[in-house]
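Below, each chain spelled out in residue letters.
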Amino acid sequence: MWFFKKPIFLVNTTLISILLSISQAGFAQSSSNYLDALEGEAENLSLDRKTQSKRSSRINSSSSSTPIPNSISNADGIQPNLSFDDFMLDLKANYFGTHIFIQRLSNPQKQEVYSFYLNNNNPRAIRKEVIRISKKN
Amino acid sequence: MNTVFIVLSLLLLPSISQALDVKLTANKDFIEVVDSGKLVRIERIQDQSHILEGSFSKTSRKCPPFCIQPMIVSDGITTVGQLEIFNFMEQELIDESGLLIDARTPTWYNRGTIPGSINIPFTVFGLDEDDPELIDAMNVLGAKRRDEIGGFERSIEKLGFMSGDLKNDSWDFTSAKKLILWCNGPWCGQSPIAIKGLIKLGYPLQKLNYYRGGMQVWQSLGLTVVTPE
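Residues numbered from 1 in each chain as written. Chains lettered and ligands numbered in written order. Predicted model: local features only at pLDDT ≥ 70, side-chain atom pairs only at ≥ 80, totals over all residues. Heavy atoms only, no water.

Here we take up the overall build of chain A. Each helix and strand counted, chain A has 5 helices and 1 strand in total. If you list the helices and strands of chain A from N to C, you get α-β-α-α-α-α. A burial count over chain A gives 28% of its 137 residues as buried. Within chain A, contacts between residues at least 6 apart in sequence are counted, and of these 60% link residues at least 24 apart. Put simply, chain A shows about 9200 Å² of open surface, and 57% of that area lies on carbon and sulfur atoms. (Helix = DSSP H or I, 4+ residues; strand = E, 2+ residues; numbered from the N terminus. Buried < 20%, exposed > 50% of the residue type's maximum accessible area, 1.4 Å probe, protein only. Contact = heavy atoms within 4.5 Å. Areas by Shrake-Rupley, 256 points an atom, 1.4 Å probe, with all protein chains shown as cover.)

Shown next as structure tokens:
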């Protein structure tokens, strides 16, 4: 036990902690730099015009009971001004993870999320709000 | 009368067959996939003098970060090409046992994507296992987040019973779909990062595939793209 009180041990432990923090911060910074580089490259992106598709008319694909969203990131948002029940159904159909989290909330908390959604239908913002509220429990 | 009939037949024959000169394969002119509820025909540009235009005609981007990727993204992961994608579109996409995933950020996806693809940005697979966005994405892939399971049940699974080889402490991959992930091409790291994230989560290796050619090769072959609505 005497070893752990030795100054050299404490200095080494502190040094390692500092190095770990720097490397984690460095990793986060490099991830952020990569995303910035990606967005920068995408800014003036254009595809060959001759490869643009000619879509046929809409077909009714009823083979799947659960329609797969085209985009998980879905920046367009959940359809606005849904009733509370329809909002919950939409989450269950298209944002299952968020739906699971909401089910764990109390009824007043669910209403709190719903009120948030009425002002902001962005799925990402709603997820963050659900997590914020769930942490109160 | 016979001469008139023969001449008319010869004139009509090309329009009846409408065979393409530049096919997908020797015996496949085009294929059709469903994208956003609409039927899209995937074919190649027929103009044999056409030179590729647009951003994917660039030869060089700064490396890092846009460095050439290895052929094998990770042990056990199959790298596929265009023909495998066409077969996938005609089988797994139709019977919904598979998904074609555009792993790029939404900015890239919204400029144009391979028909039939869904967009799950690579960043999603690096999120915490309890993050709702990851759970949403994994649900689409057919993987279910597990509640706490008993030690006895888990021990049985680890012995190989109850589809234990397709389950870990956090996820049930029993119904996981076959995936082909892609991004911008051999110089793009987005889909390799996504694949490595899925491997870390425990996704069955035999259900993961890497289309290394990505949008770069897709464009260079004059293949159809769609712009998300």
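Let us now look at the environment of Ser-220 of chain B. All names here are of chain B. Take Ser-220: it is sitting in helix α7 (residues 214–220). Of the residues examined, Ser-220 reaches a relative accessible area of 47% and is grouped as partly exposed. Separated by 158 residues in the primary sequence, Ser-220 and Lys-62 have C-alpha atoms spaced 20 Å apart. Polar side-chain contacts of Ser-220 include one of 2.9 Å to the backbone oxygen of Val-217. (Polar contact = N/O pair within 3.5 Å; in protein donor to acceptor, adjacent residues only side chain to side chain.)

Attention now moves to the nonpolar core. Of all hydrophobic cores here, the largest spans 77 residues; its most connected members are Phe-87 of chain A together with Met-89, Met-138, Leu-141 and Trp-218 of chain B. Leaving out residues up to four positions away in the same chain, Trp-218 of chain B has contacts with Ile-42, Gln-82, Ile-85, Phe-86, Met-89, Ile-114, Pro-115, Tyr-211, Leu-223, Thr-224 and Val-225 of chain B. (Core = buried A, V, L, I, M, F, W, Y, C linked by side-chain atoms within 4.5 Å.)

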